[in-house]
Amino acid sequence: MLSSTPAYTAPSLGQSPEFPYSARHTRDLDELLAQYAGMPLEVSFRQLVGVLPADESTHSIYPYPARLLRHIPRLLLSSRQILEGVEYVIDPFCGSGTVLLEAQNRRIPSVGIDQNPVAALISRVKTTPLSKEDMVALLERTALAAKRSRSVRLPAEYLRKWYAPPALSVLSRLASAVRDVDDPSQRDFLSLVLALCARKLSHADPRIPVPVRMKASSEAIPAAEPWEEWSKNGKRTMARIGRLRRVDQPSRVYHADARTETAWTSPLLGKPSLIVTSPPYGAAQKYIRSTSLESGWLGFTTDKGTIDLERASVGREHLTKDERLATIASLGNGRLTAILNEIAEDHPVRASIYTNYFLDMERVLRNAALPAVNCKRLVVICGTNTVRGKHIETHEVLSEIALTKGFKRTLSLRDAIKGRTLLTTRNSDGTPAPAEFIEVFERDI
């Protein structure tokens, strides 16, 4: 049971070493536990943790949309009550790796899973140290090979409208050169630099995560600029990776589907685990589309675009015929069923999207409770959803699912965080979720 803990004493000889933790954040959590009486407590993780550098470590290595506020895992993974009795961290929706990097910086082994191949790539690069000498040589060698090569990797058809001819030519040559690199960690590093260039050199409006064409995109891009972008983005990425702490073992990141049991595999499987994750919002079907340019250049899509990746994601709007037939009653939640039935009267497709979202999350949480995963503690971070004017308390629905899997809620926090919406148009009327809920569970193992 998660509870207040006595002051830490260093382990004596012969005892198993414990992960380092913060006495201050352990006290912070003690105070919250003492106040908790079953209802969410108002809290500000920004105030508890304090100001963090904007360009800290590799956190800002890539502009992935709607990233988790790193103050949350910073405090949780610094608290003895959260770390006690676990041997590694799992994030089944790792996104761009915020939880994984926070764990790695505290020398806690971690495993990440994500359905978006670009997100998995970002997480791997973000947590994999490389030597500066290797990175400098790689960047120069790859640029030289691309300039000399007659082998051009033409992008998927849908990408070609997004680039001026000089940028299209250079990116095609770079994509071929990156593909030929044998070492996986080096190829990942170069792939991320290529992805940054692909976004920067496109006609997409940089202010909007999901690509929207800029109005002034008809101007030709000078031929020299793509090579300059390669060098500039490479050096910037290299500098950020240079800040990584050297660790015995970087985080293990898998491009996989957390709804399947096979995704939950690693050499650490069987050891007591801590799951810390921020699932996709039910309305966030655009994460895959937000990385459509990068996915195309890295070979993750077809000429049809990202449709196959979107159909395989949690929180998707492209549903199969069978998925559209999923019954709302199968959710087994009276309040949610009533809300979704009201939504179905106005917009059956939207009701189907959320029905499938919660059915998917039931599968994920069922896997989290597998004996092999050996989850001792679970932390779910999520907001709420408004669908066709109807308010869904997503955190409560996910909590009720977790309770059916043998977890017991020991703490519920509400942090009034704004700004994690995923804008998809230049004049979007979407509004950010008004708060994040941090739900903490224990499970006897």
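Sequence order sets the numbering: in each chain, residues are counted from 1 along the sequence as written. Residues qualify for local features only when their pLDDT is at least 70, as the model is predicted, and side-chain atom pairs are given and counted only at 80 or more; totals for whole chains, interfaces and linings, by contrast, use all residues. As a convention, hydrogens and water are excluded, and side-chain values are obtained from all of the structure's heavy atoms.

Enquirer: Give a description of the overall build of the protein that names residues and reports values.
Expert: For the protein, the count of helices and strands is 17 helices and 10 strands. Here the protein holds 445 residues, and 57% of them are scored as buried. The contact criterion used throughout is that any non-hydrogen atoms of two residues lie within 4.5 Å. Sequence separation of 24 or more characterises 78% of the internal contacts of the protein that already satisfy a separation of 6 or more. Strands are runs of DSSP state E lasting at least 2 residues, helices are runs of H or I lasting at least 4, and numbering of each runs from the N terminus. The classification of residues rests on relative accessible area computed with a 1.4 Å probe and restricted to protein chains. Under 20% of the type maximum is buried, over 50% is exposed, and intermediate values are partly exposed.

Enquirer: Summarise helix α17 (residues 394-404); cite the residues concerned and give the values.
Expert: Three or more residues of α17 are buried, namely T394, H395, V397, L398, S399, I401 and A402. Once α17 ends, the next one or two residues include G406, with phi positive near 95°.

Enquirer: Describe the layout of surface pockets, and please don't skip the residues or the numbers.
Expert: Method remark: on a 1 Å grid restricted to protein atoms, a set of points is classed as a cavity if a 1.4 Å probe fits but cannot get out and as a pocket if it is open with protein on both sides within 12 Å along at least five of seven lines; lining residues have an atom within 4 Å of a point. Grid points are joined across faces, edges and corners, and a volume is the space filled by probe spheres set on the points. In this structure, the second largest pocket occupies an estimated 570 Å³ of space. In terms of lining, the second largest pocket is formed by 27 residues, of which the most central are P63, L196, R199, K200 and P206. Looking at which element gives the most residues to the lining of the second largest pocket, the answer is helix α10 (residues 225-241), with seven residues. Split by residue class, the lining of the second largest pocket holds 11 nonpolar, six polar and 10 charged. Residues are sorted three ways: Asp, Glu, Lys and Arg are charged, Ala, Val, Leu, Ile, Met, Phe, Trp, Tyr, Cys and Pro are nonpolar, and all the rest, Gly among them, are polar.

Enquirer: Give a detailed account of empty space enclosed by the protein, specifying residues and quantitative values.
Expert: One way to see where empty space is left: roll a probe the size of a water molecule over the atoms. The full count for this structure, using the stated rule, is five cavities of 30 Å³ or more. In this model, the second largest cavity occupies a volume close to 60 Å³. P92, F93, W264, I275, T277, P279, M361, V364, L365, A368, L378 and V380 are the residues that line the second largest cavity. Those elements giving two or more residues to the lining of the second largest cavity turn out to be β5 (273-277), α16 (348-368) and β6 (375-382). Here the lining of the second largest cavity gets four residues from one element, more than from any other, and that element is α16.

Enquirer: Describe unusual backbone geometry, listing the residues and the values that go with them.
Expert: Not every positive phi belongs to a glycine, and R107 is a case in point at roughly 60°. Its location among the elements puts R107 in the loop between α5 (98-105) and β3 (110-114). The phi torsion at N374 lies on the positive side, around 55°, for a residue other than glycine. N374 gets classed as buried once you look at its relative accessible area, which sits at 16%.

Enquirer: Would you mind going over the packing of aromatic side chains in detail, with residue names and values included?
Expert: A pair of Phe, Tyr and Trp rings is counted when the ring centres sit within 6.5 Å of each other, with Trp represented by its six-membered ring. The angle between the planes then sorts it: under 30 degrees is stacked, over 60 is edge-to-face, the rest tilted. A full pass over the atoms with the stated rule returns four aromatic pairs. Aromatic side chains Y64 and Y287 sit 6.3 Å apart centroid to centroid with 25° between the ring planes, which places their arrangement in the stacked category. Remark: Y287 occurs in helix α11 (residues 287-290) and Y64 occurs in the loop between α2 (45-49) and α3 (71-76); sequence separation between them is 223 residues. Residue class for Y64 comes out buried when judged on its relative accessible area of 9%. A relative accessible area of 13% places Y287 in the buried class. When the centroid spacing of 5.0 Å and the interplanar angle of 75° are considered together, the rings of Y357 and F358 count as edge-to-face. Classification of Y357 by relative accessible area gives buried; the value is 1%.

Enquirer: Tell me about the packing of helix α9 (residues 184-200) against α10, and please be specific about residues and values.
Expert: Lines are fitted to the C-alpha atoms to define the axes, a helix being fitted only along its stretch in contact, and any angle between axes, read from their N-to-C directions, falls within 0 to 180 degrees. The interhelical angle for the contact between α9 and α10, taken along N-to-C directions, is 130°, at an axis separation of 9 Å. Viewed along their axes, α9 and α10 adopt a mutual orientation that is oblique. As for how α9 packs across α10, the hand of that crossing is right-handed. For the pair α9 and α10, contact is made by F189, L190, L192, V193, L194, L196, C197 and K200 and by E229, W230, N233, G234, T237, M238 and I241, respectively. Convention used here: angles under 35 degrees read as roughly parallel, angles over 145 as roughly antiparallel, angles from 65 to 115 as roughly perpendicular, and any remaining angle as oblique. We call a crossing left-handed when the near helix sits turned anticlockwise from the far one by less than a right angle, and right-handed when that turn is clockwise.

Enquirer: How would you summarise a negative patch on the surface if you had to cite specific residues and measurements?
Expert: A contiguous patch of negative charge, built from E133, D134, D182 and D183, is present on the exposed surface. By relative accessible area, D183 is classed as partly exposed at 35%. A patch is a set of surface residues, each over 30% in relative accessible area and not in a salt bridge, joined within 9 Å for like charges and within 5 Å for the nonpolar side chains Val, Leu, Ile, Met, Phe, Trp and Tyr. The Shrake-Rupley method, run with a 1.4 Å probe, gives the accessible areas here. Residue values count only the displayed protein chains as cover. A pair is scored as a salt bridge if a Lys or Arg side-chain nitrogen falls within 4 Å of a carboxyl oxygen belonging to Asp or Glu. By the counting rule applied here, Lys and Arg register as positive and Asp and Glu as negative, while His and the ends of each chain are not counted. Just so you know, the charge point we use is NZ for Lys, CZ for Arg, CG for Asp and CD for Glu.

Enquirer: Describe the packing of helix α7 (residues 132-148) against helix α8 (residues 165-179), listing the residues and the values that go with them.
Expert: Packing of α7 against α8 brings their axes to within 8 Å, and their N-to-C directions diverge by 120°. Taken together, α7 and α8 sit at an angle that is classed as oblique. Where α7 crosses over α8, the handedness of that crossing is right-handed. Counting all contacts with α7, which are made through T142, A143, A145, A146 and K147, the residues of α8 involved are R173, L174, A177 and V178. Considering only residue class, the contact of α7 with α8 consists of six nonpolar, one polar and two charged.

Enquirer: Describe α16, with residues and values.
Expert: Think of an α-helix as 3.6 residues a turn; residues three or four steps apart then line up on the same face. Multiplying 1.5 Å by the residue count of a helix minus one yields the expected span of that helix. For α16, spanning 21 residues, the distance from its first C-alpha to its last is 30 Å, which sits close to the expected 30 Å at 1.5 Å a residue. Of all 21 residues that make up α16, 15 are buried, and the element is covered over most of its length.

Enquirer: I'd like to hear about the nonpolar core, residue by residue, with values.
Expert: Judged by nonpolar contacts, the single largest core of 49 residues is most densely connected at Y163, F189, L190, W230 and I241. Considering each element in turn, this core owes the most residues, nine residues, to α9. Apart from residues lying up to four places away in sequence, F189 is in contact with V125, L130, M135, L138, L139, G234, T237, M238 and I241. Nonpolar cores are built from buried Ala, Val, Leu, Ile, Met, Phe, Trp, Tyr and Cys residues. Side-chain atoms within 4.5 Å join them into one set.

Enquirer: Can you break down the confidence of the model for the protein residue by residue, with the values?
Expert: Confidence in the prediction for the protein averages 88 pLDDT; 90% of positions are at 70 or higher. For every residue, the predictor states its confidence as a pLDDT score lying anywhere from 0 to 100. Under a pLDDT of 50 for its full length, residues 3-17 has, in the predicted model, 19 contacts with residues more than four places off or in other chains. Low pLDDT (under 50) marks residues 423-430, which in the prediction has 17 contacts with non-local residues, meaning those over four places away or in another chain.

Enquirer: Can you break down the sheet that holds strand β4 (residues 252-255) residue by residue, with the values?
Expert: Strands pair in a sheet through their backbones, by hydrogen bonds, and they do so in one of two ways: parallel or antiparallel. What makes two strands pair is DSSP finding at least two bridges between them. Spatially, the eight strands line up as an open sheet ordered β1-β9-β10-β6-β5-β2-β3-β4, and their pairing is mixed. The open sheet has two edge strands with one neighbour each: β1 (41-42) and β4. Of the pairings in the sheet, the one linking β3 to β4 comprises four bridges and is parallel in character. The partner of G112 across the bridge, within β4, is V253. In the packing of helix α6 (residues 117-126) onto the sheet, contacts are made with β3 and β4, and the angle to β4 comes to roughly 170°.

Enquirer: Explain the environment of T410 to me, using residue names and the numbers behind them.
Expert: Relative to the helices and strands, T410 is located in strand β9 (residues 408-415). Taking relative accessible area as the criterion, T410 reaches 6% and is therefore assigned buried. For the pair T410 and R377, spaced 33 residues apart in sequence, the C-alpha separation works out to 9.9 Å.

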